[in-house]
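# Descriptive structure summary
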Amino acid sequence: MPELPEVEVVRRGLVSWVRGRTITAVEVVDPRSVRRHALGPEDFAGNLEGARVLDVVRRGKFLWMPLTDTPAAGSGNGAAESSTPAVALMAHLGMSGQLLMQDAGVPDEKHLKVRLRLSPADGMPGQLRFVDQRIFGGLFLTSLIPTSDGGPGGLAETPLPLIAEEASHIARDPLDPCFSFDEFYRRLRTRKTGLKRALLDQGLVSGIGNIYADEALWKARLHFARPTDTLRRAEAERVLDAAREVMTDALAAGGTSFDSLYVNVNGASGYFDRSLNAYGREGKECRRCAEAGLVSILRRDQFMNRSSYTCPVCQPRPRNGRW
């Protein structure tokens with residue numbers, strides 16, 4: 001499943017291709033991929049056609065495109081385009097969803113689900129395609145509502161204080177300029193849980209998935225079961241800084257691409273998986289310990305129906321750990 005850096009790669013790609021363009025036609029190839037749109041495929045298509053993509057916004061792993069209406073041709077009343085969006089096109093990538101820009105002449109992908117035709121733009125492909133092999137993802141229209149803190153809804157080119165309703169329950173992510181460490185630390189200390197469970201709690205901090213949690217904890221030299229109510233401020237800052245660093249590095253590389261189905265908006269896979277220090281390295285030497293002349297073998301523990309990878313030397317198990 002794509003994590004925050006993968007979704008941000010897609011956001012940045014989409015901004016350069018679709019921002020400011022009008023959706024001229026919509027083809028729902030597989031209705032299952034718009035099942036989250038309660039009024040059905042025809043309403044989905046009808047409400048999208050003629051809408052202009054104002055921006056592409058991301059909070060955590062949630063991705064949406066605010067839409068504005070364009071005035072009808074020949075209306076003669078000089079009505080301007082609505083500048084404040086009320087709705088957005090939400091993209092849920094699920095396990096294998098891809099948003100691909102393609103020219104009209106490119107053959108359809110095997111698992112093409114939805115096709116959006118866009119207004120012409122010099123040197124740019126004319127179609128945005130949603131491709132999804134496993135059909136866990138989808139597209140749907142959602143309302144935009146004011147943010148609870150008055151800040152931008154998420155990372156965007158035009159930061160409006162609006163957020164997609166389906167994303168309004170999640171906290172800001174560490175890459176968000178409006179992320180408040182003070183608020184994060186205050187709420188973290190009130191929880192009686194393990195540190196990794198807290199990092200995966202989207203209501204506390206969004207966008208940190210299993211892979212990057214393990215990488216951040218390794219970099220911060222903290223064990224995943226460390227009780228949050230014993231965490232000192234400097235330790236909390238260290239793990240958040242580590243999360244930012246590993247996700248920023250992943251962004252530069254295009255994401256992790258453990259799943260061969262993950263590609264960015266142009267169809268290119270990421271390469272960050274080659275640089276992972278903890279995740280997936282069970283039975284291999286800890287690189288940091290090896291550089292210090294120590295021998296330590298990374299271990300894997302079961303964690304919330306998933307796995308956690310740690311170094312037993314530089315990430316020692318805490319007393320009274322919360323598993």
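About the criteria used
Counting starts from 1 at the beginning of each chain's written sequence and moves along it residue by residue. With pLDDT at 70 or above as the cut-off, local features in this predicted model cover only qualifying residues; side-chain atom pairs require 80 or more to be listed or tallied, and sums for whole chains, interfaces and linings still use all residues. Excluded from the side-chain calculation are hydrogens and water; included are all heavy atoms of the structure. Only DSSP runs of H or I with at least four residues qualify as helices, and only runs of E with at least two residues qualify as strands; both kinds are numbered from the N terminus onward. Each residue after the first adds 1.5 Å to the expected span of a helix. Partly exposed describes any residue whose relative accessible area lies between the buried limit of under 20% and the exposed limit of over 50%, with all areas from a 1.4 Å probe on protein chains only and scaled to the type maximum. A pair of strands is labelled paired if DSSP reports no fewer than 2 bridges between them. To define axes, lines are fitted to C-alpha atoms, for helices over the stretch in contact only, and angles between the resulting N-to-C directions are given on a 0 to 180 degree scale. In this analysis, two residues are considered to be in contact whenever any of their non-hydrogen atoms come within 4.5 Å of each other. Cysteine sulfur atoms that pair up within 2.5 Å are treated as a disulfide. By the definition adopted for this analysis, an angle is roughly parallel if under 35 degrees, roughly antiparallel if over 145, roughly perpendicular if from 65 to 115, and oblique otherwise. Should the near helix be turned anticlockwise from the far one by less than a right angle, the crossing is left-handed, and should it be turned clockwise, the crossing is right-handed. Only Asp, Glu, Lys and Arg are considered charged, only Ala, Val, Leu, Ile, Met, Phe, Trp, Tyr, Cys and Pro nonpolar, and every remaining residue, Gly among them, polar.

Glancing now at helix α6 (residues 233-253). Over its 21 residues, α6 runs 30 Å from end to end, which matches the ideal 30 Å to within 8%, given 1.5 Å per residue. Residues of α6 that are buried: Glu235, Ala236, Val239, Leu240, Ala242, Ala243, Val246, Met247, Ala250 and Leu251.

Now for the sheet that holds strand β6 (residues 97-102). Sheet architecture is open: four strands sit in the order β1-β7-β8-β6, paired in antiparallel fashion. With one partner strand each, in any of the chains shown, β1 (23-28) and β6 form the two edges of the open sheet. If you compare each strand with its neighbour and ignore which way they point, the axes differ by 15° on average. Bridge count for β6 against strand β8 (residues 127-132) is six bridges, and the pairing is antiparallel. Of the residues in β8, the one forming a bridge with Met101 is Leu128. Here helix α1 (residues 4-18) sits on the sheet in contact with β6, β7 (112-118) and β8, set at roughly 30° to β6. Sheet strands in contact with helix α2 (residues 41-48) are β1 and β7, and its direction is about 165° off that of β1.

The tally for this structure, following the rule as stated, stands at zero disulfides. Of all cysteine sulfurs, the one in Cys314 lies closest to Cys311, which takes part in no disulfide; the gap is 3.4 Å. Given a relative accessible area of 0%, Cys311 falls into the buried group.

This part covers the packing of helix α5 (residues 210-220) against α6. Interhelical geometry of α5 versus α6 gives an angle of 125° and a closest axis separation of 8 Å. Between α5 and α6, the interaxial angle falls into the category oblique. When the axes of α5 and α6 are compared, the crossing they make is right-handed. Contacts between α5 and α6 involve Tyr212, Glu215, Ala216, Leu217, Lys219 and Ala220 from the former and Arg238, Val239, Ala242, Ala243, Glu245, Val246, Met247 and Ala250 from the latter. By residue class, the composition of the contact of α5 with α6 is 10 nonpolar, no polar and four charged.

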